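# Architecture and fold: a report
Spelled out, the chains give:
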Amino acid sequence: DEIARMRRAGLLLWEAHQVAAAQVKPGVTTAAINDAVEAFLAERGATPLFKGVPGVVPFPAATCVSVNEAVVHGMPGSRRLREGDIVSLDIGVRLDGWCADAAVTYAVGPVSPLAQRLLEVTEGALALAIQLVGEKSTWSQVARELQAYVEDAGFSVVEALVGHSIGQEMWEGLQLPNHYTREFERQGDFPLQPGLVLAIEPMVNAGTKAVHTLPDHWTVVTDDGLPSAHFEHTVALTKEGPRVLTCGPNGEGWGLG
C-alpha cells in the first residue's frame, strides 16, 4: 500500500518532468523551466521537496537546473540555454505524505560527440543499477559494477555525491554511493531486500571526478570544466523485483530500455 502511494507521487513527478522537458530549447531561461514546474505542482496539490532546503542560502526553487559542467544543484536564474548545451533537471515532490525524486539530462539541440556519449553512458549506468538491485545482495556489489561500467567507457563517477533511501522524507538514512570502497562495504553497506525504496542516481563526469561548489553555496561543478550528466529514478524493491516508481503510465522513461 505504501509503495502504491509512492507510485502516485512518482507518476505525478514523471508528469512534472514532461512539463520541464517541453521547456528545454535554445533561448529558454533556466528560471522559466523551474517556473513551469512550480506552476504544475501547485495546480496538482504537490509540494516541491527541494524548495527551501536549508543551507547558507535556502534552495530557492522546485527544480535543480544544472547546465554543462554543473553536476547537480544548479540554481535557476536568467541563464539562457544554448544549442549544444546539456542540461540536467532534478525534481523532487511530496504528494499525500509520500516522496519521489528523479533526474534526467537533456541535449539542447545537437551536441558534441563527447556530450552525446556522456548522456548515453550515464543513462546506461542508471539502467544497469536498476537491473542489479534485483540481482545482487548488497548495494556495494551494485556500486562496484556501476563504477566499472562508467570507467570502462572512459568517464568518471562523482564520488562526493550519493543517492539515498526515500519514503515519507526525501532522505531516509541510507546512502548509495556510485563507486565501491572497502570502507563503505564494512561500515555503510546494506542488504537489498523487499520494502526498500531507493533514489538511484549516477552522476558521471566526462573528465575528472573532482568537483567543487560555486559561491552561490549550491551549484556543484566539475573541477576541469568538462560536462557532467545525471540520471535518477525512485525504485522500490519488491518480491517480484525492482519497480521503478517515477516512470510514465506505461512504464516509459529514461534508463528503462
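As a reminder, the structure under discussion sits directly above these lines.
This one's a predicted model, so the numbers in the text were calculated from it and none came from an experiment. (Residues numbered from 1 in each chain as written. Predicted model: local features only at pLDDT ≥ 70, side-chain atom pairs only at ≥ 80, totals over all residues. Heavy atoms only, no water.)

### Points about the sheet that holds strand β12 (residues 220-222)
Across a sheet, strands are paired by hydrogen bonds formed along the backbone, either parallel or antiparallel in direction. Basically, it comes down to this: In short, DSSP must find at least two bridges between two strands for them to pair. Under the scheme used here, helices are H or I runs from DSSP no shorter than 4 residues and strands are E runs no shorter than 2 residues, and both carry numbers assigned from the N terminus. Axis definition: a line fitted to C-alpha atoms, over the contacting stretch in the case of helices. Angles run 0 to 180 degrees between N-to-C directions.
Sheet architecture is open: three strands sit in the order β3-β12-β11, paired in antiparallel fashion. Whereas interior strands pair on both sides, the edge strands pair on one side only; in this sheet they are β3 (70-72) and β11 (211-213). Going from strand to strand, the sheet's axes swing by 40 degrees on average, the running direction of each strand aside. As paired strands, β3 and β12 are joined by two bridges and run antiparallel to one another. Pairing of Ala 70 across the sheet is with Val 221, part of β12.

### Concerning the side chain of Glu 232
Basically, it comes down to this: The cut-offs for exposure are 20% and 50% of the maximum accessible area for each residue type, with area from a 1.4 Å probe on protein chains only; residues under the lower value are buried, those over the upper are exposed, and the others partly exposed. For the purpose of charge, His is not counted, nor are the chain termini; Lys and Arg are scored as positive and Asp and Glu as negative. Here, a salt bridge means any Lys or Arg side-chain nitrogen found within 4 Å of an Asp or Glu carboxyl oxygen. Contacts between residues were defined by any pair of non-hydrogen atoms, one from each residue, lying within 4.5 Å.
Along the chain, the position of Glu 232 falls in the loop between β13 (228-230) and β14 (233-238). The side chain of Glu 232 sits in the buried core without any salt bridge; Arg 94 is the nearest counter-charge, 14 Å away. For Glu 232, the residues in contact, after removing those within four places along its chain, are Asp 90, Asp 101, Ala 102, Ala 103, Leu 126, His 164, Ala 199, Ile 200, Glu 201 and Trp 254.

### What to know about the nonpolar core
Rule in force here: Working definition of a nonpolar core: buried Ala, Val, Leu, Ile, Met, Phe, Trp, Tyr and Cys residues. They are joined through side-chain atoms within 4.5 Å.
Trp 139 and Ile 200 are the most contacted members of the largest nonpolar core, which has 61 residues in total. Ranked by the residues each element gives to this core, the list is headed by helix α3 (residues 113-132), at 10 residues. Judged by nonpolar contacts, the second largest core, of 16 residues, contains Met 6, Phe 50, Trp 98 and Leu 245.

### Some thoughts on the sheet that holds strand β10 (residues 203-205)
Reading across from one edge, β6-β10-β13 is the order of the three strands in this open sheet, with antiparallel pairing throughout. What marks the edges here is a single partner per strand, and that holds for β6 (156-157) and β13. Across the sheet, α3 lies against β10 and β13, angled at about 35 degrees from β13, the strand it touches most.

### Concerning the packing of aromatic side chains
Describing an aromatic ring pair means giving the distance of the ring centres and the angle of the ring planes. For the record, the criterion: The rule is short: rings of Phe, Tyr and Trp, with Trp giving its six-membered ring, pair when the centres are within 6.5 Å, and they are stacked under 30 degrees, edge-to-face over 60, tilted in between. A ring is considered to have a charge above it if a Lys NZ or an Arg CZ atom is located within 6 Å of its centre and within 35 degrees of its normal.
Counted under the stated rule, the structure contains one aromatic pair. Cation over ring: Arg 144 sits above Tyr 180, and NZ or CZ is 3.8 Å from the ring centre.

### What to know about the packing of helix α1 (residues 2-21) against helix α2 (residues 30-44)
Worth spelling out the cut-off: Crossing handedness follows the turn of the near helix against the far one: under a right angle anticlockwise gives a left-handed crossing, and clockwise gives a right-handed one. The residue classification treats Ala, Val, Leu, Ile, Met, Phe, Trp, Tyr, Cys and Pro as nonpolar and Asp, Glu, Lys and Arg as charged. All others, Gly included, are polar.
At a closest axis distance of 9 Å, the pairing of α1 and α2 adopts a crossing angle of 145 degrees. Helix-helix and strand crossings are classified by hand; for α1 and α2 the assignment is right-handed. Seen from α1, the contacting residues are Leu 12, Glu 15, Ala 16, Val 19 and Ala 20; seen from α2, they are Ile 33, Ala 36, Val 37, Phe 40, Leu 41 and Arg 44. Considering only residue class, the contact of α1 with α2 consists of nine nonpolar, no polar and two charged.

### Re the pattern of salt bridges
Following the criterion strictly, the structure yields seven salt bridges and no others. For the salt bridge of Arg 94 with Glu 169, the shortest nitrogen-to-oxygen distance reads 3.2 Å. Of the two residues, Arg 94 sits in strand β4 (residues 86-95) while Glu 169 sits in the loop between β7 (163-165) and β8 (175-176), which places them 75 residues apart along the sequence. Classification of Arg 94 as partly exposed rests on a relative accessible area of 24%.

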